[in-house]
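Below are the chains, spelled out letter by letter.
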Amino acid sequence: MREATLPTCPKTPGPKNEAMGGWIFRPLARILQKAGWWIGECIWKQEARFRGIELSPRVSFRGRPCLARAPGSRIVLGEGVCLNSSLRSNPLGCSRPATIRTLFPGAEIWLGPRSGLSAAVLCAARSIVVGEGTLIGAEAMIFDTDFHVANSEGIWTLAGPEHAQPVTLGRNVFVGARAIILKGVTIGDGAVIGAGAVVTRDVPPHHVAVGNPVRIQPRNRLL
Ligand SMILES: CC(C)(COP(=O)(O)OP(=O)(O)OC[C@H]1O[C@@H](n2cnc3c(N)ncnc32)[C@H](O)[C@@H]1OP(=O)(O)O)[C@@H](O)C(=O)NCCC(=O)NCCS
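Residues numbered from 1 in each chain as written. Predicted model: local features only at pLDDT ≥ 70, side-chain atom pairs only at ≥ 80, totals over all residues.

A.B. asks: Hey, could you run me through the overall build of the protein in this one?
C.D. replies: Scanning the protein from terminus to terminus reveals 1 helix and 22 strands. Counting the 223 residues in the protein, one finds 35% classified as buried. Pairs at least 24 apart in sequence give 34% of the contacts found in the protein among residues at least 6 apart. (Helix = DSSP H or I, 4+ residues; strand = E, 2+ residues; numbered from the N terminus. Buried ≥ 20, exposed ≤ 12 C-beta atoms within 10 Å, placed from the backbone. Contact = placed C-beta atoms within 7 Å.)

Next comes the structure, spelled out in structure tokens:
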């Protein structure tokens, strides 16, 4: 049987040009990108401090995160936390900044040491705690509130902190891209949340949760 061939484009640079281009542009682009990250990081960290975010040593920002703290609430980034927000800071290409937001006084978001998120959203009306070494994938979303609640007449109003239920992620949890973790959920140490999963109930330690509705299995059966 004849093998399928890919169509060629006459304007495609030859291997020699390509090699030269790679030689010059890749290292240059990498240097410029690192320099841009470094300069930006100094500025965005200062902005975070100005907004009352508590930063531990060795926190790293790649790109400008979206950090918003309600008065009287706390956002604490532990040692070595990494927030990826710029397009090239993640292999998937971050299409939005890492977003961490408290909504009411008394709310708290804690990111444990060496945890990280890429273009993900954490939004707390009461409490979101992320354990040490936990990684939250591109565009995942975690919230402890439904944001809106219907009153006695069925009219949607803003949900206050009394309607929120804390969310806790243990140590070394891995949350796949575009997963959604909803209010009241506790995820045990070493658990894995599959890409696109919608998690509405607790996941025991070292279990894998995939799909919508979520299917939970011991980790050794999947990974
Ligand atoms: C959850 C995950 C880690 C499991 O990987 P794995 O152990 O290799 O799992 P498999 O591909 O062998 O799949 C095992 C079963 O789970 C299902 N499954 C795996 N991932 C799933 C997902 N995200 N959603 C729904 N079902 C999923 C498979 O369909 C398969 O089902 P079956 O047994 O009925 O056939 C992986 O699928 C995943 O979602 N990775 C996320 C990667 C990611 O987003 N990284 C972050 C980048 S920033």
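A.B. asks: Please clarify how the nonpolar core should be interpreted in this entry.
C.D. replies: One broad trend across soluble globular proteins is that nonpolar side chains are buried collectively. One finds Leu122, Ala124, Ile193, Val199 and Ala209 to be the most contacted residues of the largest nonpolar core, which totals 49 residues. Here this core gets 3 residues from one element, more than from any other, and that element is strand β9 (residues 121–124). Discounting chain neighbours no more than four positions away, the residues touching Ala209 are Ala191, Ile193, Gly194, Ala197, Val199, Val203, Val214 and Ile216. (Core = buried A, V, L, I, M, F, W, Y, C linked by C-beta atoms within 7 Å.)

A.B. asks: Sorry if this is basic, but what is going on with the sheet that holds strand β8 (residues 116–118) here?
C.D. replies: With mixed pairing, the 8 strands of this open sheet are ordered in space as β2-β5-β8-β11-β16-β19-β21-β22. The open sheet has two edge strands, β2 (60–62) and β22 (215–218), and neither has a second partner. By the bridge criterion, 3 bridges tie β2 to strand β5 (residues 82–84) in an arrangement that is parallel. Bridging from a neighbouring strand, Ser60 pairs with Cys82 of β5. (Pairing = 2+ DSSP bridges.)

A.B. asks: Please explain the sheet that holds strand β20 (residues 198–199) as it appears in this structure.
C.D. replies: To summarise the sheet geometry, strands pair through backbone hydrogen bonds and adopt either a parallel or an antiparallel arrangement. Overall, parallel pairing links the 6 strands, which are arranged β3-β6-β9-β12-β17-β20 in an open sheet. Every other strand in the sheet has two partners, leaving β3 (66–68) and β20 as the edge strands with one partner each. With 2 bridges connecting them, strand β12 (residues 141–143) and strand β17 (residues 180–181) associate as parallel partners. Within β17, the residue paired with Met141 across the bridge is Ile180.

A.B. asks: What is the right way to read the pairing of strand β10 (residues 127–130) from this model?
C.D. replies: In summary, the side chains of a regular strand alternate between the two faces of the sheet. By the bridge criterion, 4 bridges tie strand β7 (residues 108–111) to β10 in an arrangement that is parallel. Paired with Trp110 across the two strands is Val129, which belongs to β10. The sheet contact formed by β10 and strand β15 (residues 167–169) spans 3 bridges and is parallel. Bridging across to β15, Ile128 finds its partner in Val167.

A.B. asks: Where do I start with unusual backbone geometry in this structure?
C.D. replies: What is expected of a backbone is that most residues other than glycine have negative phi and most peptide bonds are trans. Geometrically, the link from Asn212 to Pro213 is a cis peptide bond, its omega value of 0° lying close to zero. Looking at the secondary structure, you find Pro213 in the loop between β21 (207–210) and β22. One non-glycine residue with positive phi stands out, namely Phe147, at about 70°. Position of Phe147 relative to the elements: it lies in the loop between β12 and β13 (148–150). Given 14 C-beta atoms within 10 Å, Phe147 falls into the partly exposed group. Positive phi, normally seen in glycine, also occurs at Asn172, with a value near 50°. Considering the arrangement of structural elements, one finds Asn172 in the loop between β15 and β16 (174–175). Take Asn172: there are 19 C-beta atoms within 10 Å of it, and that puts it in the partly exposed class.

A.B. asks: Whenever I open this one, the environment of Pro204 confuses me. Can you help?
C.D. replies: Within the fold, Pro204 resides in the loop between β20 and β21. Each C-alpha atom of the pair Pro204 and Pro218 lies 8.5 Å from the other, and the pair is 14 residues apart in sequence.

A.B. asks: Please clarify how the pairing of β7 should be interpreted in this entry.
C.D. replies: On β7, burial follows the alternation: Ile109 and Leu111 on one face are buried, whereas Glu108 and Trp110 on the facing-out side are not. Across 4 bridges, the pairing between strand β4 (residues 74–77) and β7 is parallel. By the bridge assignment, Arg74 is partnered in β7 with Glu108.

A.B. asks: In this structure, what is going on with the environment of Gly160? I would like to understand it.
C.D. replies: Within the element layout of this structure, Gly160 appears in the loop between β14 (156–158) and β15. In the structure, Gly160 is positioned 56 residues away from Phe104 in sequence and 8.0 Å away in space, judged by C-alpha atoms.

A.B. asks: Would you mind showing me how to read the environment of Thr168 here?
C.D. replies: Following the sequence through the fold, Thr168 ends up in strand β15. Remark: the alpha-carbon pair of Thr168 and Lys183, spanning 15 residues in sequence, is separated by 9.6 Å. Here Thr168 is in contact with Val129 and Thr186, once residues within four sequence places are set aside.

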